[in-house]
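# Tertiary structure, described
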Amino acid sequence: MKNSPRPLFLLHQTLQLSLCAAPVKVEMPALSPTMEEGNIVKWLKKEGDAVAAGDALCEIETDKAVVTLESSDDGVLAKILMEEGSRAVRLGTLIALMVEEGEDWKTVEIPPPVAATQATPAPAAPTAPPPHPPRAASTGPLRLSPAARHILDTHGLDPQLATPTGHRGIITKEDALNLLKNPVATPAAAPLPPGSRPMYPPQSIPGKPGAPGTFTEVPASNVRRVIAQRLTQSKTTIPHAYATIDCDLGAVMQLRKEMAKAEIKVSVNDFIIKAAAATLRELPEVNVTWSGEGPQALNSISISIAVATPKGLITPIITNAADKGVQEISANAKALAQKARNGKLLPHEYQGGSFSISNLGMFGISEFSAVINPPQACILAVGTSRAVLHLTEETGALSTQQLMTVTLSSDGRLVDDELASRFLDKFRANLERPQRMTLN
């Protein structure tokens, strides 16, 4: 009887497994409190490179900034599983493998992929929808619900292609949505009689840029997606209340001129930040945030400032603003704005605070209302200054005032209308008499 070769095969397989290097997993970490996924921007190490604890492995785009991921172990980078450009990589997804020093990195054992958590660098092409069944020609006039008419008009779809399911042959909203999901080619329309106009816009033709109804898919960055989520969360869960007031900037303008003579350059926005911080100190009941269980009073006063970046609006935080002078606030604001535009903000530089300021005055916006940044209680929308003639009561003479309109958006669960009115009144007093605030 012949000997079976199976034991030799099992021995060979066991030797192969024993030669594989045990991997040290590198997973997508949570680099900010609100981060749910990240993009791999750039790998700073190559496969086979030695890595020490604290070395930079790669750059990851979070929902706030581009952050460098540092290694927590010593070893060798054995395998990169998520290449540069990989998008929407979920937290906990395996992005690379390392081996310990002295092990052969080329023999690293690669775990089987988990389809539910892995991201792909490029989305798969959508499958073509099944064609609509031919619809019998209608003998009477088309009947559309208002919602269906709006959908079809907006997307330039032919109502004749919709299959009505409503009562007495009415094309419903669902019928229009079904047509939108599974469009069909529009047959060539017969020429219209002279002087007549079409009942609906012409349908777009795939592959012809500029045709009516066409569009280009623009991939959203992590920052844009998170901004969209948080704005939607804010407007749907926070009861916004609004209050508006005019402030006279005459004293601030004069003080800026005097400081400029001493070669101290500060902006009007720096005084606004200082005035808001000073007012929060006077009214600590506004310096609160909303948690799942109710209000939380904050011990320090930090102000978020809205900074426009190519990737979206970022709100870095000036910490302990009430304890800083205008000059220090100005230096902090400039440094934070530059880091925000370069995508280099650290987590502690955009977390916390109960109050935000959004200033569109430099763009010529006279006044506007801003959306609260949850879980904060308020945001102050600042418009541009304008010259207004003012009649002096004592002398009856006309003088010019530099007025600025500000609008406070407040969370009605935390700041009621009376408290918001008191805040704006004290804010105006601080701004119109800047000597009341600590300026050094």
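The residue count restarts for each chain, going from 1 along the sequence in the order it is written. Owing to the predicted nature of the model, reporting of local features is limited to residues with pLDDT of at least 70; listing and counting of side-chain atom pairs is limited to 80 or more, with chain, interface and lining totals taken over all residues. Each side-chain value is derived from all of the structure's non-hydrogen atoms; neither hydrogens nor water enter the calculation.

Under an unreviewed UniProt entry, the name given to the chain is Dihydrolipoamide acetyltransferase component of pyruvate dehydrogenase complex, and the source organism is Oncorhynchus kisutch. What UniProt records for the chain under Cofactor (unreviewed entry) is the sentence "(R)-lipoate". Turning to the chain, the UniProt record has this under Sequence similarities (unreviewed entry): "Belongs to the 2-oxoacid dehydrogenase family." UniProt positions are given in the numbering used here, feature names are shortened, and annotations may be inferred rather than shown by experiment.

### Details of the sheet that holds strand β18 (residues 355-359)
Reading across the sheet, the 6 strands line up as β11-β20-β19-β18-β14-β17 and stay open at both edges, with mixed pairing between neighbours. The open sheet has two free edges, formed respectively by β11 (240-248) and β17 (317-318), since each of these has just one partner strand. DSSP calls a pair of strands paired once it identifies at least 2 bridges connecting them. Every helix listed is a DSSP run of H or I at least four residues long, and every strand listed is a run of E at least two residues long, numbered separately from the N terminus. Bridging between β18 and strand β19 (residues 378-391) involves 5 bridges; their strand directions are parallel. Bridged to I357 within β19 is L380.

### Quick word on the UniProt feature "domain: Peripheral subunit-binding (PSBD)" (unreviewed entry) in the chain
UniProt's entry tags residues 143-180 with the feature "domain: Peripheral subunit-binding (PSBD)" (unreviewed entry), counted in the numbering of this structure. In residues 143-180, helix accounts for 47% and strand for 11%; the two terminal C-alpha atoms are 18 Å from one another.

### Points about helix α6 (residues 268-282)
The length a helix should cover is 1.5 Å for every residue beyond the first. An ideal rise of 1.5 Å per residue puts 21 Å on 15 residues; α6 measures up with 21 Å between its terminal C-alpha atoms. Note on classification: 1.4 Å probe, protein chains only; a residue is buried when its accessible area is under 20% of the maximum for its type, exposed when over 50%, partly exposed between these limits. Extensive coverage of α6 is indicated by the burial of 12 of its 15 residues. Residues V268, D270, F271, I272, I273, K274, A275, A276, A277, A278, T279 and L280 constitute the buried set of α6.

### A short note on the packing of aromatic side chains
Centres within 6.5 Å make a pair out of two Phe, Tyr or Trp rings, where for Trp the six-membered ring is used; the pair is then stacked when the planes are under 30 degrees apart, edge-to-face when over 60, and tilted otherwise. Counting across every chain of the model gives 1 aromatic pair. Aromatic side chains F355 and F423 sit 5.2 Å apart centroid to centroid with 35° between the ring planes, which places their arrangement in the tilted category. Separated by 68 residues along the polypeptide, F355 in strand β18 and F423 in helix α8 (residues 417-432) bring together distant segments of the chain. Assessed through its relative accessible area of 0%, F355 is described here as buried. Its relative accessible area of 0% is what places F423 among the buried residues. Here, over-ring charges are defined by two tests on the NZ atom of lysine or the CZ atom of arginine: distance to the ring centre within 6 Å, and angle to the ring normal within 35 degrees. The ring of W290 has R413 sitting right over it, with the charged end atom 4.3 Å from the ring centre.

### Re the pattern of salt bridges
In the sections that follow, a salt bridge refers to a side-chain nitrogen of Lys or Arg positioned within 4 Å of a carboxyl oxygen of Asp or Glu. With the rule as written, the count across this model stands at 13 salt bridges. We note a salt bridge from K45 to D55, for which the minimum N-O separation is 3.8 Å. Of this pair, K45 sits in the loop between β2 (37-43) and β3 (50-51) while D55 is found in the loop between β3 and β4 (56-61), placing the two residues 10 residues apart along the sequence. In this structure, R281 engages D323 in a salt bridge whose closest nitrogen and oxygen atoms are separated by 2.3 Å.

### Structural notes on the sheet that holds strand β1 (residues 24-27)
With antiparallel pairing, the 4 strands of this open sheet are ordered in space as β1-β8-β6-β3. The open sheet terminates on both sides in strands that have one partner only, identified here as β1 and β3. Bridge count for β1 against strand β8 (residues 94-99) is 4 bridges, and the pairing is antiparallel. Bridging across to β8, K25 finds its partner in L97.

### Let's talk about the nonpolar core
With 55 residues, the main nonpolar core has F355, L380, F427 and L431 as its most contacted residues. Residue contributions to this core peak at 9 residues, all from α6. Any two residues whose heavy atoms approach within 4.5 Å are treated as being in contact. When residues no more than four places from it in sequence are discounted, the contact partners of F355 are A276, L280, S302, I303, S304, Q376, C378, L380, L408 and F423. Of all hydrophobic cores here, the second largest spans 19 residues; its members include I40, L57, I60 and A96. Grouping buried Ala, Val, Leu, Ile, Met, Phe, Trp, Tyr and Cys residues that are joined through side-chain atoms within 4.5 Å yields what is termed a nonpolar core.

### Some thoughts on helix α7 (residues 326-341)
With 16 residues, α7 extends 22 Å between its outermost C-alpha atoms, agreeing within 8% with the 22 Å of an ideal straight helix rising 1.5 Å per residue. Those residues of α7 that fall on the buried side of the exposure criterion are V326, I329, S330, A333, L336, A337 and A340. Taken down its axis, α7 places every buried residue within 140° of arc, on the same side. Considering only its buried residues, α7 is in contact with α6, β14 (303-305), β15 (307-309), β16 (312-314) and β17. Looking one or two residues beyond α7, the residue adopting positive phi is G343, at roughly 70°. The directions from the helix axis to the C-beta atoms form the arc being described.

### Topic: a negative patch on the surface
Each patch is built from salt-bridge-free residues with over 30% relative accessible area, joining like charges within 9 Å and nonpolar side chains (Val, Leu, Ile, Met, Phe, Trp, Tyr) within 5 Å. Reported accessibility uses the Shrake-Rupley method at a 1.4 Å probe radius. Residues are deemed covered only where the shown protein chains occlude them. The charge count treats Lys and Arg as positive and Asp and Glu as negative. His and the chain ends do not count. Working definition for charges: the position is that of NZ of Lys, CZ of Arg, CG of Asp or CD of Glu. A contiguous patch of negative charge on the surface is contributed by D73, D74, E100, E101, E103 and D104. Inspection of the secondary structure puts D73 in the loop between β5 (66-70) and β6 (75-80).

### A few points about the pairing of β4
With respect to burial, β4 is a largely interior element, 5 of its 6 residues being buried. Bridging between β2 and β4 involves 4 bridges; their strand directions are antiparallel. Its bridge partner being in β4, N39 is matched across the sheet by E61. Across 5 bridges, the pairing between β4 and β5 is antiparallel. Bridging from a neighbouring strand, C58 pairs with L69 of β5. The hairpin turn running from β4 into β5, its antiparallel successor, is 4 residues long.

### Concerning the environment of I170
Looking at the element boundaries, I170 is found in strand β10 (residues 170-171). When its relative accessible area of 25% is taken as the criterion, I170 is described as partly exposed. Through-space distance from the C-alpha of I170 to that of L144 is 5.4 Å; in sequence the pair is 26 residues apart.

### Quick word on a nonpolar patch on the surface
A cluster of nonpolar residues, M362, F363 and I365, forms a patch on the protein surface that exposes about 330 Å² of accessible area. For M362, the location among the structural elements is in the loop between β18 and β19. Classification of M362 as exposed rests on a relative accessible area of 58%.

### Comments concerning the packing of α6 against α8
Between α6 and α8, whose axes approach to 9 Å, the crossing angle comes to 130°. Viewed along their axes, α6 and α8 adopt a mutual orientation that is oblique. The way α6 lies across α8 gives a crossing that is right-handed. The segment α6 lies against α8, with F271, I272, A275, A276, A278, T279, L280 and E282 engaging F423, K426, F427, N430 and L431. Here the nonpolar group is Ala, Val, Leu, Ile, Met, Phe, Trp, Tyr, Cys and Pro; Asp, Glu, Lys and Arg are the charged ones; every other residue, Gly included, is treated as polar. Taken together, the residues of the contact of α6 with α8 sort by class into 9 nonpolar, 2 polar and 2 charged. Simply put, an axis is a line fit to the C-alpha atoms, just over the touching stretch for a helix, and the angle between two N-to-C directions goes from 0 to 180 degrees. Roughly parallel means an angle under 35 degrees; roughly antiparallel, over 145; roughly perpendicular, 65 to 115; everything else is oblique. Each helix crossing is assigned a hand: it is left-handed if the near helix lies turned anticlockwise from the far helix by less than a right angle, otherwise right-handed if that turn is clockwise.

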